[in-house]
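Results of the structural survey
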Amino acid sequence: MKLSRRSILLGAGSLPFAVASLRAGALAQTAPTTQNAEVPPILFVHGNGDYDALWMTTLWRMESNGVARDRMAAINFTDPNARSDDKVEQANRSSTEDQRRELAAAIADLKRRTGAPRVALVGSSRGGYAIRNVIRNGGTGDVSHAVLCGTPNHGVFATDDQPNNEFNGRGTFLRSLNEGESEVTPGTAFLTLRSDGMDKYARADGRFIGKPGTPTGVTVEGPELKGATNLVLGALDHREVAFHPRAFREIYKFIAGREPARIAIVPEQSVRLSGLVTGTPGGVSTNRPVAGATVDVFRVDPDTGERRGGAVHSAKTGADGRWGPAQVEPSWFLEFVLTSPDAPTTHIYRSPFARSSDVVHLRAARPLGPADKDAGAVVIMSRPRGYFGLPRDVVLLDGKEPADVKPGVPTDSAATLRLPAAEAGRNIVAQFGEERIVARAWPASENRIAIAELTY
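Residues numbered from 1 in each chain as written. Predicted model: local features only at pLDDT ≥ 70, side-chain atom pairs only at ≥ 80, totals over all residues. Heavy atoms only, no water.

**Thoughts on the packing of aromatic side chains**
- Overall, the coordinates contain 9 aromatic pairs when judged by the stated rule.
- Arranged with centres 6.3 Å apart and planes meeting at 85 degrees, the rings of Trp60 and Phe353 form a pair that is edge-to-face. Of this pair, Trp60 sits in helix H1 (residues 56-64) while Phe353 sits in the loop between strand S14 (345-350) and strand S15 (362-363), placing them 293 residues apart in sequence.
- Put simply, the rings of Trp60, Trp323, Phe336 and Phe353 touch in pairs and so form one group of aromatic residues.
- A cation over an aromatic ring shows up here: Arg307 above the ring of Phe298, its NZ or CZ 3.8 Å from the ring centre.
- Directly above the ring of Trp442 sits Arg440, whose terminal nitrogen or CZ lies 3.9 Å from the centroid. (Phe/Tyr/Trp six-rings, centres within 6.5 Å; stacked < 30°, edge-to-face > 60°. Helix = DSSP H or I, 4+ residues; strand = E, 2+ residues; numbered from the N terminus. Lys NZ or Arg CZ within 6 Å of the ring centre and 35° of its normal.)

**Some points on the side chain of Asp237**
- As for its position among the elements, Asp237 is in the loop between strand S8 (229-232) and helix H5 (240-243).
- Side-chain polar atoms of Asp237 contact the side chain of Arg392, separated by 3.2 Å.
- Other than its neighbours up to four places away in sequence, Asp237 contacts Met198, Arg383, Gly386, Tyr387, Arg392 and Pro410. (Polar contact = N/O pair within 3.5 Å; in protein donor to acceptor, adjacent residues only side chain to side chain. Contact = heavy atoms within 4.5 Å.)

**Quick look at the sheet that holds strand S1 (residues 42-45)**
- Spatially, S2-S1-S3-S4-S5-S8 is the arrangement adopted by the 6 strands of the open sheet, whose pairing is parallel. Among the strands making up the open sheet, the edge pair consists of strand S2 (72-74) and S8. Put simply, the sheet's adjacent strands are angled 15 degrees from each other on average, direction ignored.
- Inspection of the sheet shows S1 paired to S2 by 3 bridges, in the parallel sense. (Pairing = 2+ DSSP bridges. Axes fitted to C-alpha atoms, helices over the stretch in contact; angles between N-to-C directions.)

**Regarding the side chain of Asp52**
- Structurally, Asp52 is set in the loop between S1 and H1.
- In this structure, Asp52 is buried with no salt-bridge partner, the nearest side chain bearing the opposite charge being Arg322 at 6.3 Å.
- Here His361 takes part through its side chain, which lies 2.5 Å from a polar atom of the side chain of Asp52.
- Those residues within four positions of Asp52 in sequence are excluded, and the remaining contacts are His46, Ala74, Ile75, Asn76, Val359 and His361. (Buried < 20%, exposed > 50% of the residue type's maximum accessible area, 1.4 Å probe, protein only. Lys, Arg positive; Asp, Glu negative; His and termini not counted. Salt bridge = Lys/Arg side-chain N within 4 Å of Asp/Glu carboxyl O.)

**Looking at the confidence of the model for the protein chain**
- Summarising the model, the protein chain shows a mean pLDDT of 92, and 92% of its residues fall at 70 or more.
- Predicted confidence is poor over residues 1-35, with pLDDT under 50, and the contacts of this stretch with residues over four places away or in other chains come to 82 contacts. (pLDDT = per-residue confidence, 0-100.)

**Here we look at the packing of helix H2 (residues 96-114) against helix H3 (residues 127-139)**
- The geometry of H2 relative to H3 is characterised by a closest axis approach of 9 Å and an angle of 75 degrees between their N-to-C directions. Here H2 lies roughly perpendicular to H3, going by the angle between them. Together, Thr96, Gln99, Arg100, Leu103, Ala104 and Ile107 of H2 and Ala130, Ile131, Asn133, Val134 and Asn137 of H3 make up the contact between the two elements.
- Here the residues of the contact of H2 with H3 are counted per class, giving 6 nonpolar, 4 polar and 1 charged. (Parallel < 35°, antiparallel > 145°, perpendicular 65-115°, else oblique. Nonpolar A, V, L, I, M, F, W, Y, C, P; charged D, E, K, R; others polar.)

**With respect to the sheet that holds strand S12 (residues 322-328)**
- If you walk across this open sheet you meet the 3 strands as S12-S9-S15, and the pairing is mixed. Strand pairing shows two members of the sheet lacking a second neighbour, S12 and S15, which therefore form its edges.
- Where strand S9 (residues 271-278) lies against S12, 5 bridges are found, and the strand directions are antiparallel. The residue of S12 that forms the bridge with Val271 is Val328.

**Let's talk about unusual backbone geometry**
- A cis amide bond links Gly324 to the next residue, Pro325, at an omega of 5 degrees.
- Among the structural elements, Pro325 can be located in strand S12.
- The peptide bond linking Leu390 to Pro391 adopts the cis configuration, its omega dihedral lying at 10 degrees.
- Inspection of the secondary structure assignment puts Pro391 in the loop between strand S16 (377-382) and strand S17 (395-397).
- The backbone phi angle of Gln162 is positive, close to 50 degrees, even though this residue is not glycine.
- Structurally, the position occupied by Gln162 is in the loop between strand S4 (143-149) and helix H4 (172-178).
- Positioned with a positive phi, Asp342 is a non-glycine residue whose angle comes to about 60 degrees.
- Its location among the elements puts Asp342 in the loop between strand S13 (333-339) and S14.

Following this line, the structure appears as structure tokens:
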């Protein structure tokens, strides 16, 4: 069924903050304990170059609506970046078949753990390709629901060159998925979620893929599928159509068959955090574990970013790359210090974690490069679950709109501030909407980089 197009005008910068207050009365709340037995197990699938940690807030919202944590999973593809030619091997990159195989194994594992006959799949961007590939190639009996969020189902571009590029709407891979009168596989319920003109990968002009002025052959309707329920979520960007509270509502409603009881995240009394340390071999981001990395976790002052006492957790990763668990309070602002082989010491500042999570993954910052040669300190403001939109959003780094965030269609998920040596050591405020993180500008001369990583 295809619903008539509708646009819900919503500014992502004015999100209803799930954990706006974690002190006082907020801590008295308890999450519902009744398990939604009729909700199938849910497997979340990340996009190109990403990792399972992006689903953390979605998992929290699901838990806050009574979905048991052990009935959910989020895949972490070994090599999340696509090849430029799907048929030619590239180091630390994956083919469509690599992803189909890993996803099929994750589905089988979730079914085994839960005893459920079928599972629901939710994918962001490229993750939707793996979902469609699994279902079309014999997996429909295992999958009850498929939600595709911002997936470029008709390509990022549609041209006659690059036939083996999986993002080419006229290429071999997408033609195989889209052939036939219906573009969905019978037996599985499909939902697509897309932006109303704010998705950088659903554009008629090639500006955002490095070809300004060249027609892409793609429109804003590219993520829609014939035979699916297709919804338009307003002025959300490419990532927000998966990770925004507005997207959560539609994901939950489609799978559960009813409105969620709440959109807000219900805080836990006590929080346990753990995750994976990964790296960038050859300059390519992977989800391969890094051994021999040290993780130190500090509680910091929310107004200054200065540490409150010694480390609350210290660990060194083994062969599996895992760190934790760290026991923290849901009101604490945190600094994670990652010392990883052959990488800068990375100081990652985070807002309070409302609930426990085992996907608090850490990846060292990129090496200091030519652009940093005169910098006394480098501070990065990062938004993994969305892009910065100007003038749509409130985006401030050290009290100013970042110069490297382009206005208009949101395309940038990170902003960089470089300070003179005389200012190394001072505190920097990163502000996005209602989320505010204070980081310390560590000296670049010591091969250190600070990251203010936003949760929302």
